[in-house]
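Structure at a glance
Each chain, letter by letter, is given below.
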Amino acid sequence: VQLQASGGGLVQPGGSLRLSCVASESIRGIDAMGWYRQAPGKQRELVASLTSGGSTYYADAVKGRFTISRDNAKNTVYLQMNSLKPEDTAVYSCNINAEWRRIKNNYWGRGTQVTVSS
């Protein structure tokens, strides 16, 4: 299974972007899907996650501005980012944790660059 992230780019402060992460095939036993980001010189951090039960988590820095969602039919997880700030600039990567028949898998997609600048 491969994950392909897209949707990054250059946006002005206050703007919006929607990131998409498409899995090359349907993944069974998904526990959680998440978006991480890593800014230059900083550690990677979890931005948002969505469990199979529908529970969501958002980092304090993005609460009220970012929304994670999924489309099962399209094997896709999204991250809607509104009111973007320069400090949101980072490489964003998607992650899917799954367990099927006692086998755990942790999938990562190649990151997409988000740059917030005027």
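Every chain is numbered on its own, with residues counted from 1 as its sequence reads. Predicted model: local features are reported for residues with pLDDT of at least 70 only, side-chain atom pairs are reported and counted for 80 or more only, and whole-chain, interface and lining totals are derived from all residues. Derived side-chain values reflect all non-hydrogen atoms in the structure, with water molecules and hydrogen atoms excluded from consideration.

**Quick notes on the overall build of the protein**
Starting at the N terminus, helices and strands are each numbered in turn, a helix being any DSSP run of H or I of at least four residues and a strand any DSSP run of E of at least two. Along its length, the protein carries zero helices and 11 strands. What you see in the protein, going N to C, is helices and strands ordered as β-β-β-β-β-β-β-β-β-β-β. C-alpha atoms define the radius of gyration in this analysis, and the globule rule sets the expected value at 2.2 Å times the number of residues to the power 0.38. For the protein, the C-alpha radius of gyration of 14 Å lies close to 13 Å, the compact-globule estimate for 118 residues. If one aligns the C-alpha atoms of the protein with their principal axes, the spans along those axes are about 50 × 30 × 25 Å. The burial tally for the protein puts 39% of its 118 residues in the buried class. Only protein chains enter the accessibility calculation, which uses a 1.4 Å probe; a residue whose area is less than 20% of its type maximum is buried, one above 50% is exposed, and one in between is partly exposed.

**Description of the pattern of salt bridges**
Opposite charge on two side chains lets them pair, provided their charged atoms get close. Here a salt bridge means any side-chain nitrogen of Lys or Arg lying within 4 Å of a carboxyl oxygen belonging to Asp or Glu. What the rule picks out here adds up to four salt bridges. Taking the shortest distance from any N to any O, the salt bridge between Asp 60 and Lys 63 comes out at 3.1 Å. Comparing Asp 60 with Lys 63, the two get one shared label, exposed. Across the pair Arg 65 and Asp 88 runs a salt bridge whose closest N-O atoms are separated by 2.7 Å. With Arg 65 in the loop between strand E6 (56-58) and strand E7 (66-71) and Asp 88 in the loop between strand E8 (76-81) and strand E9 (90-100), this residue pair connects regions lying 23 residues apart in the sequence. The exposure classification of Arg 65 matches that of Asp 88, with both residues buried.

**So, the environment of Leu 10**
With respect to the element layout, Leu 10 can be found in strand E2 (residues 9-11). Classification of Leu 10 by relative accessible area gives exposed; the value is 66%. Here the alpha-carbon distance between Leu 10 and Gln 113, two residues 103 residues apart in the chain, equals 8.3 Å.

**Focus: the packing of aromatic side chains**
Whether two aromatic rings pair depends on their centres lying within 6.5 Å, for rings of Phe, Tyr and Trp, where Trp uses its six-membered ring; planes under 30 degrees apart make the pair stacked, over 60 edge-to-face, and the rest tilted. Tallying each qualifying case throughout the model produces one aromatic pair. Their ring planes at 55 degrees and their centres at 4.9 Å tell us that Tyr 36 and Trp 108 sit as a pair that is tilted. In this pair, Tyr 36 is assigned in strand E4 (residues 30-38) and Trp 108 in strand E10 (residues 103-110), connecting sequence segments 72 residues apart. Either the NZ atom of lysine or the CZ atom of arginine qualifies as a charge over a ring when it sits within 6 Å of the ring centre and within 35 degrees of the ring normal. We note Arg 44 situated over the ring of Tyr 36; from NZ or CZ to the ring centre the distance is 5.6 Å. It is Arg 44 that lies over the ring of Trp 108; its NZ or CZ is 4.1 Å from the centre.

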